Structures are given as structure tokens and as C-alpha cells.
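Summary of the model geometry
Here's the letter readout for the chains.
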Amino acid sequence: MELNAQILEIFGVYAFAARSTLVLSLVAMAIYVLLNAGIFALPHMGLMAVGSYTATVLSLDAHLPFFVAVAGGTVAATLCGLILAAVLGRLNGIYLAIATIAFSEAVSAAVLNIPLTGAAQGRVGIPRSTTDLAIVGSVALALVLLFAIRRSRMGLSIVAIREDALMAGHQGINVVAYRIGLMALAGFLCGLAGALNVHLAGFVEPGFFNFGLLAHTLANVVMGGMVYVGGALLGTILMSTLSQVVTVVGEYQGIVNGVIIITVVAFAPFGLIGVVSDFLRRRKTSRGQVLDAEFNALNNATIKFDRLSRKNQVSESRETVIELADISMHFGGIIALQSVSLACSSGELLGVIGPNGSGKTTLLNVISGAYKPTGGSGVLRGQAIQSLFGSPHLMSRAGIARTFQTIRLVDDLSVRDNVTIGLHSTNGGNSVLPNGKQRQSRRIYEIERVLQEHGLAHIADRYAGELSYGLRRRVEIARAVASRPKLLLLDEPTAGMDPQEREDVFARIAALLSQGIGIIVVEHDVAMMSQYCDRLVVLDFGLVIASGDPDSVLQQELVINAYVGGQGAAKR
Ligand code: ADP
Ligand code: MG
């Protein structure tokens, strides 16, 4: 009898620990939500406190039923996350981490000074209404939600934002909206955890939401693998089991957490799940690198670039795609562009040349929305684009795509996934197809079409990081045109390539021109540019010093001087 009671008691202790572990795994999931998107924000303790106290007040003072109190706490913390994200805006990195920890501190201070929260003593007598079903149901709901997001279009966009927010914006992804949404989701999870927790413990006190708990939860997430949905849950369960079984761990929890965070971040930054998936991946990809020569031979044979015959073909049906007037761009005292005007038509290859530092990349950055120009205006297919300047996702949605001077792919994603990121703008709200299923199958069809068209179908499942430079460039171009843009901007697409790879790039450019895309290409090599481009614009110190037919442009004295004076690359 006595033994039985003892067993029951021990079981009771473990059962309580298990329940609060599961509740805290919701906070761990909220940490995952932000870290997985590359958002280094730690508002979790503050958000959990908001959820906890709101639920407490609703239960104790408003005498509302359990479910209403939990819902109220959850909604309050969600709203808090929304407001916080909106206020903090584009802040990132260490500043965001500091600001969000300060938010948690502010909540703590507020709690101590508001009578309703019971100040330093907290509140007791909260009905212990949190059932096992409520806990398991909440955790299951959270997992299903996070997995659904991960598997949807949003999952890939979130990875893109984490790996390279600037690149993500250029694929039409509204980075700011995602950040606000994810912060609200973190608020939701933390609020739910807080509300369940106070109804599990029966009391709430301000000391609970301390930095130690944050560090502890963070250690769990890091341990499990911070970019995996299951990482948060796995890490939380493992770590608390460890501290229950090995009681020494419980005593020195703080030290153990510190050691784990440091060790994992240093040696296995993607945690336990990362180690396992890395192992599986290495087994899968041990087939060796893609044979580029064989591959190029296969894809190069059919298309060749022929400027003159192409020019005669399309010159009649051209319409102006973009027109820029008097664009200037100043960076403090540096004048990178000075009233630059240019136009590009559909099916036209416009080359922008100029010495290093003459403003070529800056010009593309203005057109693609990366920079807001200091002055000037633009028209894209008859529409003024003033309001789109400075917003890459809007420029992308309007039909402008680009590649970057240094390749910006997500190395840890497959070729197919990288190309899929480029499809962000097309199959969203503007899809004409009525239902989700059809839209999904059309997306898959589009992705396979792009892969096929760019000779990437056989390597669709390879990681982008494994490919040669030439193939990586090809993937980047495929991603850029996946959304069927009207204007394509290429920043030094053949830099560092051998002649065969260059020819491949220009063969692909020819194919795109024949589809009616207008292309602005920036390059260094004047001889090559005059061979391929329909028209040239020459920049020098941010000024257009010549433009027109390649042959006539290159004979102009200013151009020769700029190049001979600049670096002598184009002495003809
Ligand atoms: P290019 O691509 O022709 O080599 P860039 O457009 O990169 O030249 O640069 C033109 C000028 O603008 C350079 O003097 C460069 O230092 C300056 N510049 C470009 N981007 C920035 C920036 N973000 N901040 C300050 N100066 C910049
Ligand atoms: Mg440049």
C-alpha cells in the first residue's frame, strides 16, 4: 500500500514534468519559427508572459471559462508579436536580438507595477484546468501547422529569406510581410504555452519568465536542430528526459545548457536532426560530381547565337519594355549614377558596359528595386514604376527578374527547389486557375518546363552547392526566368567563365530573346559585348557617355578614352 503510494507520487512528479515539458515545447517551436527564417529575435519570454497574465486575469478576474482564457491569452500574445514586428521593422541581427530581449524585460517590469498581475508575488488559485488532451492537442496542432507551412510554398520562401533575404525579395517574396507574420506566429505559440502553463501550475509569478528559461529553451532547439520542425520538440523532450534521468544534469542545468549550445553551434550547427540528415545526404550524393563537359555537349549543340539574323527577325514586333529617365543615385557624397536615361525593348539585348565602378551594378540595383534612386523616373510597359522603386518584390511581381554579380543560390537546396523559389511571384494570387489542386499541378508543370528548357532536368535533385560555376550560373538564370518576366537583368553573367561556358550563356540568352523578353546585360568584356548586343550603353563615372549601335559606339573617342583611361581593357 505504502509502496503503491510512493510509486504514484513519483509518477505524479514525472507526469507533471512531462506535461510542462510538452507545454514548453511550444515555446521551443516559437524559437524555431524565428530562427528558421533567419530572424534573430528572442521576444519569447515577454510573449509568454503576456499570454500567461492575460489568461490569468481572464480566469481569475473575469471568471471566464478555461478555453476562453486560453484563447484570450493566445490572441493577446499574437497581437503583441504583430505589433512588435511592425515596430521593429527591418531591424535584424544583433540589434533585433537586443531589442526583443529588451521587450521581454519591459514586460517583466510592467508586470511588477500593474496591480492586476499581483506584482512580485504573482497570482495564485488559478484553476488547474489544463488537461492532457489540451496539451497534446495543442502540441499536435502546432506541429501540424508548422509542418504544413514547411511543406507549402511558404516553407521554401522562408528558407530563401533565411539564406539570403535580398535574393528572396528579388524573387517576389515580401520579406517584411513574412517577418511580421512569423513574429505573430511566434506570439501565438508562446501565448498558447503561457496560457496552458498557468492553468497547469495553478499560479503565475514574474520570476518564471527569466533569461535562464530562455537559454534553456534555446539550448533545446539548438540541440534538436533549429531549422527542422521536429527539432524543437525532439530537443525539448531529450533534454528534459536527460535532466530527469541523470539528476546531476538537473543540478547543473545552466552549465549543461551552455556547454550544449557552444558545442552544437561549433560542431553541428543544425543539431541532431542535421547530423542525421547530413549523413543520409552524403550517402545519397556519393555518386560523384556532374560531368560538366558531357553535360554541356548535350545541351549546347542545338542553339547558337546569331545577332544579325535575330535582329531582322524581331525588329518589327518590338515594344518598349522599360524606359528610364534621368535616374540618379547618390550614396552620401558618392554619385554612382547621374541622370541616366535608357530604354529596352522586347526581344532586345541591351548591353551596359563601362569601367569598374562606373555604376553598372548600381543601375541594375535601381531597376530591380534593390535601391531607391535619388532622382528620376521609370516606365515599365506603359506603367509608371515610381512606387516600386526600392521594393524588389514589387518589381519582381511587375515582371522584372535579375541575376547577381556574385551568384546567389541556396547551396543546400536542390536545383529544383532553387528554381521553384523563382516561381514565387507567378502562381500566387494572380493565378487564373480556380482551385488549389489545379494550381499545384500547374506549378509542378511550370517547374519541370523551366528545368527542361534550361537543360537542368537531369540534375534537378542535385544540391546547388555541388555544381560547377557554369551550371550554377545557368540555375540562376533559370530561376530568374521561371516567373516569365518581361525584363531580365544580368549582372556579369559570364565573368570567370571559359569560352565554352560563355557561349552556353549567350545561347540561352538568344533563346530567351526569341521568346520576347527584353534583356539588359552588364559585362566588362567590350569585344564580346559588341559581338552579341543589339545596342550598347556606355557608363563612365555614373554618366552615359555613349549609346547606340555597338560598332559606332566603340569608335567614339569618349568611349575609347574611358576604357584606355580606366583600365585599357577595350583598346581596339
Ligand atoms: P560597377 O558595377 O560598374 O563596377 P557599381 O555600380 O558597383 O560599379 O559602383 C558604382 C559606384 O557606386 C562605386 O563608386 C561604388 O563604390 C559606389 N557604390 C555602389 N554601391 C554602393 C553602396 N551600397 N554604398 C555606397 N557606395 C556604393
Ligand atoms: Mg558591378
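Please refer to the structure placed before this passage.
The shown structure was predicted, so the numbers you read here are calculated from the model rather than taken from an experiment.

Glancing now at the packing of helix α2 (residues 44-60) against helix α8 (residues 175-201). Axis separation between α2 and α8 bottoms out at 7 Å; the angle between their running directions is 50 degrees. Taken together, the axis directions place α2 and α8 in an arrangement best described as oblique. Both α2 and α8 take part in a crossing whose hand is right-handed. Mapping the contact onto sequence places H44, L47, M48, G51, S52, A55, T56 and S59 in α2 and A186, G187, C190, G191, A193, G194, A195, N197, V198 and H199 in α8.

Let us now look at the sheet that holds strand β3 (residues 320-331). Here four strands make up an open sheet; going across it, the order is β4-β3-β6-β7 and the pairing antiparallel. Since the sheet does not close on itself, it has two edges, and those belong to β4 (334-345) and β7 (383-384), each with one partner. Looking at chain direction, strand β6 (residues 375-380) and β7 are connected through two bridges and run antiparallel. Opposite V379, over in β7, you have A384 as the bridge partner. In this fold helix α16 (residues 360-367) packs onto β3 and β4, with an angle of close to 115 degrees to the strand it touches most, β3.

By the secondary structure assignment, S277 is in helix α13 (residues 271-284). Here Y228 takes part through its side chain, which lies 3.2 Å from a polar atom of the side chain of S277.

As a further point, take α2. Structurally, the α-helix is built with 3.6 residues per turn, so residues lying three or four positions apart point the same way. Relative to the 24 Å expected for 17 residues at 1.5 Å per residue, α2 spans 24 Å between its end C-alpha atoms, a close match to the ideal helical length. Counting buried residues along α2, 15 of its 17 residues qualify, which places the element largely inside the surrounding structure.

Now for a nonpolar patch on the surface. Together, V75, L79, L82, I83 and V87 make up a nonpolar patch on the protein surface, roughly 460 Å² of accessible area in all. Structurally, I83 is set in helix α3 (residues 66-88). A relative accessible area of 55% means that I83 is categorised as exposed.

The tally for this structure, following the rule as stated, stands at five aromatic pairs. Considering the side-chain rings of Y53 and F209, the 6.1 Å spacing of their centres and the 50 degrees angle between planes classify their relative orientation as tilted. Taken as a pair, Y53 in helix α2 and F209 in the loop between β2 (203-204) and α9 (211-224) lie far apart in primary sequence, 156 residues in all. Ring centres of F208 and F209 lie 5.2 Å apart, and the angle between their planes is 80 degrees; this geometry places the pair in the edge-to-face category. Under the relative-accessibility criterion, F208 is labelled partly exposed at 31%. By relative accessible area, F209 is classed as buried at 8%. In this structure an aromatic cluster arises from ring pairing among Y53, F208 and F209. Directly above the aromatic system of F404 lies the positively charged group of R408, at a separation of 5.2 Å from the ring centroid.

In the vicinity of ligand 1, the contacting residues are F331, I334, A336, P355, N356, G357, S358, G359, K360, T361, T362 and Y371. In this structure, G357 approaches ligand 1 through a main-chain N or O atom, which is 2.8 Å from an oxygen atom. When the free accessible area of ligand 1 is taken as 560 Å², the share hidden by the protein chains comes to 65%. Mapped onto the shell around ligand 1, the elements with two or more residues apiece are β4 and α16. Its residues assigned to classes, the shell around ligand 1 comprises five nonpolar, six polar and one charged.

Empty space left among the atoms is revealed by rolling a probe the size of a water molecule over them. Roughly 880 Å³ of volume is contained in the largest pocket. Together, 32 residues line the largest pocket, and Y228, S277, R281, D412 and Y463 are the ones closest to its centre. Listed by contribution, the elements that provide at least two residues to the lining of the largest pocket are α5 (132-151), α6 (153-163), α10 (229-245) and α13. For the lining of the largest pocket, the leading source of residues is α13, giving 10 residues.

Moving on to the coordination of the magnesium ion (ligand 2). Distances from the magnesium ion (ligand 2) to its protein donors, T361 (OG1) and Q405 (OE1), fall at 2.0 to 2.3 Å. Taken together, the positions of T361 in helix α16 and Q405 in the loop between β8 (400-402) and α18 (415-422) put the pair 44 residues apart, joining distant regions of the chain. Since its relative accessible area comes to 36%, Q405 is described here as partly exposed.

Summed over all chains, the structure comprises seven cavities of 30 Å³ or more. If you add up the space inside the largest cavity, you get close to 70 Å³. Lining the largest cavity are Y32, V33, N36, L146, I149, R150, G155, I158, L182 and L185. Among the secondary structure elements, those contributing two or more residues to the lining of the largest cavity are α1 (2-36), α5, α6 and α8. For the lining of the largest cavity, a count of residues per class yields seven nonpolar, two polar and one charged.

Rules used in this analysis
- Residues numbered from 1 in each chain as written.
- Chains lettered and ligands numbered in written order.
- Predicted model: local features only at pLDDT ≥ 70, side-chain atom pairs only at ≥ 80, totals over all residues.
- Heavy atoms only, no water.
- Axes fitted to C-alpha atoms, helices over the stretch in contact; angles between N-to-C directions.
- Helix = DSSP H or I, 4+ residues; strand = E, 2+ residues; numbered from the N terminus.
- Parallel < 35°, antiparallel > 145°, perpendicular 65-115°, else oblique.
- Left-handed = near helix turned anticlockwise from the far one by under 90°.
- Contact = heavy atoms within 4.5 Å.
- Pairing = 2+ DSSP bridges.
- Polar contact = N/O pair within 3.5 Å; in protein donor to acceptor, adjacent residues only side chain to side chain.
- Expected span 1.5 Å × (residues − 1).
- Buried < 20%, exposed > 50% of the residue type's maximum accessible area, 1.4 Å probe, protein only.
- Patch = residues over 30% accessible without salt bridge, like charges linked within 9 Å, V, L, I, M, F, W, Y side chains within 5 Å.
- Areas by Shrake-Rupley, 256 points an atom, 1.4 Å probe, with all protein chains shown as cover.
- Salt bridge = Lys/Arg side-chain N within 4 Å of Asp/Glu carboxyl O.
- Phe/Tyr/Trp six-rings, centres within 6.5 Å; stacked < 30°, edge-to-face > 60°.
- Lys NZ or Arg CZ within 6 Å of the ring centre and 35° of its normal.
- Near = heavy atom within 4 Å.
- Nonpolar A, V, L, I, M, F, W, Y, C, P; charged D, E, K, R; others polar.
- 1 Å grid on protein atoms, 1.4 Å probe; cavity = no way out; pocket = protein on both sides within 12 Å on 5 of 7 lines; lining within 4 Å.
- Points joined across faces, edges and corners; volume = space filled by probe spheres on them.
- Donors = N, O, S within 2.8 Å, 3.2 Å for Na, K, Ca; no water.

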